[in-house]
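In case you want the letters, here they are:
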Amino acid sequence: MDNKIRTGVVGLGAMGAPMARNLAEHGLLAMVWNRTATRVEAFVQQTDSTIAETPAQLAAACDVILTCVSADQDLLSVIDQLLPGIETGSVLVDTSTVSPATAREAADVLFRAGCGFVDAPVSGGVEGARKGSLSVMAGGDSANISRIMPVLEAISATVTHMGPVGSGQATKAVNQVIVAGVAEAVCEALAFSEKLNLPSERLLSVVGAGAAGSWFLEHRGQSMMENRFDVGFKISLLLKDLLICRELAQELDIFLPTVEASIEDYRRLVDMGDGDHDISGLIRLKRGAE
Ligand code: NAP
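Residues numbered from 1 in each chain as written. Predicted model: local features only at pLDDT ≥ 70, side-chain atom pairs only at ≥ 80, totals over all residues. Heavy atoms only, no water.

## Digging into the site of the ligand
Piece 1. In the vicinity of the ligand lie 27 residues, with Asn34, Thr36, Arg39, Lys234 and Lys240 positioned nearest.
Piece 2. In this structure, an oxygen atom belonging to the ligand sits 2.7 Å away from a side-chain N or O atom of asparagine 34.
Piece 3. Within the complex, the protein chains bury 93% of what would otherwise be the 890 Å² of accessible surface of the ligand.
Piece 4. For the shell around the ligand, the secondary-structure elements that each account for two or more residues are helix H4 (72-82), helix H6 (125-131) and helix H11 (235-251).
Piece 5. The biggest single contributor to the shell around the ligand is H11, with 3 residues.
Piece 6. When the residues that make up the shell around the ligand are grouped by side-chain class, the tally is 11 nonpolar, 9 polar and 7 charged.
Piece 7. Two domains each donate at least three residues to the shell around the ligand, and these are domain 1 (7-164) and domain 2 (170-286). (Near = heavy atom within 4 Å. Polar contact = N/O pair within 3.5 Å; in protein donor to acceptor, adjacent residues only side chain to side chain. Areas by Shrake-Rupley, 256 points an atom, 1.4 Å probe, with all protein chains shown as cover. Helix = DSSP H or I, 4+ residues; strand = E, 2+ residues; numbered from the N terminus. Nonpolar A, V, L, I, M, F, W, Y, C, P; charged D, E, K, R; others polar. Domains from an automatic or database assignment.)

Here you go:
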């Protein structure tokens, strides 16, 4: 265990678990907590880490707390539960995707408890989380970011300081407009290729090798054409992100057509019961069969 940093991870989902695993490999993981106990038990069996009985116990034992939960209210609720154990001088780094306003609210609450806050949403998917090659978009003051840098470096290939608290999340909103737009284009194109009866393997290989190549096509092209939509990145989570983008656009009095079209599509998929499928499940709508 690194003497300088004892990290506690809260939220061992599709992203949190592999991030915690990488922290363990770097000797930085002290404790973990997850709302659903079965998940945390499975995790500690693989990593030999310690389960906190409560978030407050984790906070009391750690200098850095890394959170990775679903949405805004989940983050605020977890912070409430951490607060009784928070030590002055600790730093909470949140890797969930939430709104910039929620990041600022979290920072205010923690500041009053003597704890620093960095919003550090990530991009790179579960594959990036497993490989420790995420791209981190960080918001917060430089001293806090420097303090947690070994933690961020253990989970990522790049860390970019975007500005004050909230600017990491604002950057992630921009990222998600691109993610949604690429998903729309790739799913529409692959559904089109199926109608044209083109051989899927050769199609993916040839278009992926040229200007149409993308992370999404490379990592999800094959699986979506085989009708496999296991997670991945849940449709319900991208819908949550796009609603954040819409809110930010409304504050600026601008309209984001890609965001609006995507919200409509993902709402339909959630209504169809597909909210837990990977976002590549969008191809089902583009095929026009549903
Ligand atoms: P996930 O697999 O659904 O995991 C969500 C985690 O949050 C679980 O550990 C869950 O605990 C916990 N959680 C949710 N609500 C909670 C609450 N109220 N109190 C305590 N714990 C709570 O989601 P994920 O894919 O890891 O995504 C996590 C975050 O990262 C999201 O904000 C997402 O937008 C973002 N993100 C995801 C990806 C991706 O590719 N998946 C990429 C970048 C960013 P339980 O086990 O008890 O349900």
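## Describing the domain arrangement of the protein chain
Piece 1. Segmenting the protein chain into domains produces domain 1 (7-164) and domain 2 (170-286).
Piece 2. One C-alpha centre belongs to domain 1, the other to domain 2, and the line joining them spans 27 Å.
Piece 3. Across the contact, 17 residues belong to domain 1 and 14 residues belong to domain 2.
Piece 4. For arginine 220, the salt bridge is made with glutamate 127, and the minimal N-O distance between the two is 2.6 Å.
Piece 5. At the junction of domain 1 with domain 2, the criterion picks out 5 residue pairs in polar contact (both at pLDDT 80 or more).
Piece 6. Elements supplying a minimum of two residues to the side of domain 1 that touches domain 2: strand E7 (122-123) and H6.
Piece 7. Here the side of domain 1 that touches domain 2 gets 3 residues from one element, more than from any other, and that element is H6.
Piece 8. Its residues placed into classes, the side of domain 1 that touches domain 2 shows 9 nonpolar, 6 polar and 2 charged. (Contact = heavy atoms within 4.5 Å. Salt bridge = Lys/Arg side-chain N within 4 Å of Asp/Glu carboxyl O.)

## Considering unusual backbone geometry
Piece 1. In this structure, the amide linkage connecting valine 231 to the following residue, glycine 232, adopts the cis form with an omega of 0°.
Piece 2. The topology assignment puts glycine 232 in the loop between helix H10 (215-225) and H11.
Piece 3. At aspartate 253, a residue that is not glycine, the phi angle is positive and equals roughly 60°.
Piece 4. Secondary-structure assignment places aspartate 253 in the loop between H11 and helix H12 (257-271).
Piece 5. Judged by its relative accessible area of 72%, aspartate 253 falls in the exposed class. (Buried < 20%, exposed > 50% of the residue type's maximum accessible area, 1.4 Å probe, protein only.)

## Things to note about the pairing of strand E4 (residues 64-67)
Piece 1. Residues Val64 and Leu66 of E4 are buried on one face, and the alternating residues Ile65 and Thr67, pointing to the opposite face, are buried as well.
Piece 2. Both E4 and strand E5 (residues 91-94) contribute to a ladder of 4 bridges, which runs parallel. Counted as the bridge partner of leucine 66 is valine 93 from E5.
Piece 3. Viewed along the sheet, the connection from E4 through H4 into E5 turns out right-handed. (Pairing = 2+ DSSP bridges. Right-handed = clockwise from strand over helix to strand, strands pointing away.)

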